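Commentary on secondary and tertiary structure
Listed here are the chains, written in short residue letters.
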Amino acid sequence: MLKIIYMAKLKEQLSIAEETIEWHGGTRDELIQLLRSRNQLWHETLAPENVYKIAINNSIVHQNAHIPENAEVALLPPVTGG
C-alpha cells in the first residue's frame, strides 16, 4: 500500500486531500504515470510541464527515486513567491 497526500493547489485541482492505493514498489515516474492514467484532469494536472516536487517519507526527492511499499508520498505543487 502507498499513502498519497495531495498538497495545496493539487488538492484543490484534483478534489482529493489524500488516498491509499495498492503499491508494490516502483519509481516516482511510475507513480506519476499511474496517477495520470486515471483521466484527462489527472493527466493534465500532473503533466511534466507542471513542475512539482515529491516527498517520500517526509524527504523531498529530486530525481526518479524508488518508492517502497508502505511509504507516504506527498505531492507538492510549484511554489511561487514575490
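Here's what I pulled together on the structure shown here.

Rules and cut-offs
- Residues numbered from 1 in each chain as written.
- Predicted model: local features only at pLDDT ≥ 70, side-chain atom pairs only at ≥ 80, totals over all residues.
- Heavy atoms only, no water.
- Helix = DSSP H or I, 4+ residues; strand = E, 2+ residues; numbered from the N terminus.
- Rg over C-alpha atoms; globule rule 2.2 N^0.38 Å.
- Buried < 20%, exposed > 50% of the residue type's maximum accessible area, 1.4 Å probe, protein only.
- Pairing = 2+ DSSP bridges.
- Salt bridge = Lys/Arg side-chain N within 4 Å of Asp/Glu carboxyl O.
- Core = buried A, V, L, I, M, F, W, Y, C linked by side-chain atoms within 4.5 Å.
- Contact = heavy atoms within 4.5 Å.

1. As for the overall build of the chain
Helix and strand counts for the chain come out as three helices and seven strands. Helices and strands in the chain line up, N terminus first, as β-α-β-β-α-α-β-β-β-β. The C-alpha radius of gyration of the chain comes to 12 Å, within 12% of the 12 Å expected for a compact globule of 82 residues. Across its three principal axes, the chain shows a C-alpha extent of roughly 35 × 30 × 20 Å.

2. Some remarks on the pairing of strand β2 (residues 18-21)
Going residue by residue along β2, you find E19 and I21 tucked away on one face and E18 and T20 left uncovered on the opposite face. Strand direction decides the pairing type here: strand β1 (residues 2-6) and β2, joined by four bridges, are antiparallel. Bridging across to β2, I5 finds its partner in E18.

3. Re the pattern of salt bridges
Two side chains bearing opposite charge may form a pair once their charged atoms approach each other closely. With the rule as written, the count across this model stands at four salt bridges. A salt bridge links K3 to E18; its shortest N-O distance comes to 3.6 Å. Residue K3 is located in strand β1, and its partner E18 is located in strand β2; the two are separated by 15 residues in the primary sequence. Exposure remark for E18: the relative accessible area of 45% places this residue in the partly exposed category. D29 serves as the salt-bridge partner of R28, at 3.5 Å between the closest nitrogen and oxygen.

4. Remarks on the nonpolar core
One finds L2, Y6, L31 and L75 to be the most contacted residues of the largest nonpolar core, which totals 22 residues. If you list the elements that add at least two residues to this core, you get β1, α1 (8-14), α2 (28-36), β4 (53-56) and β7 (72-76). Once residues within four sequence positions are removed from consideration, L2 is found in contact with E19, T20, I21, W23, L31, I67, P68, A71 and V73.

5. Concerning the pairing of β4
Note: β4 against β7, four bridges, orientation antiparallel. Following the sheet pairing, I56 is matched in β7 by V73. Two successive antiparallel strands, β4 and strand β5 (residues 59-61), enclose a turn made up of two residues, where N57 displays a positive phi of approximately 50°.

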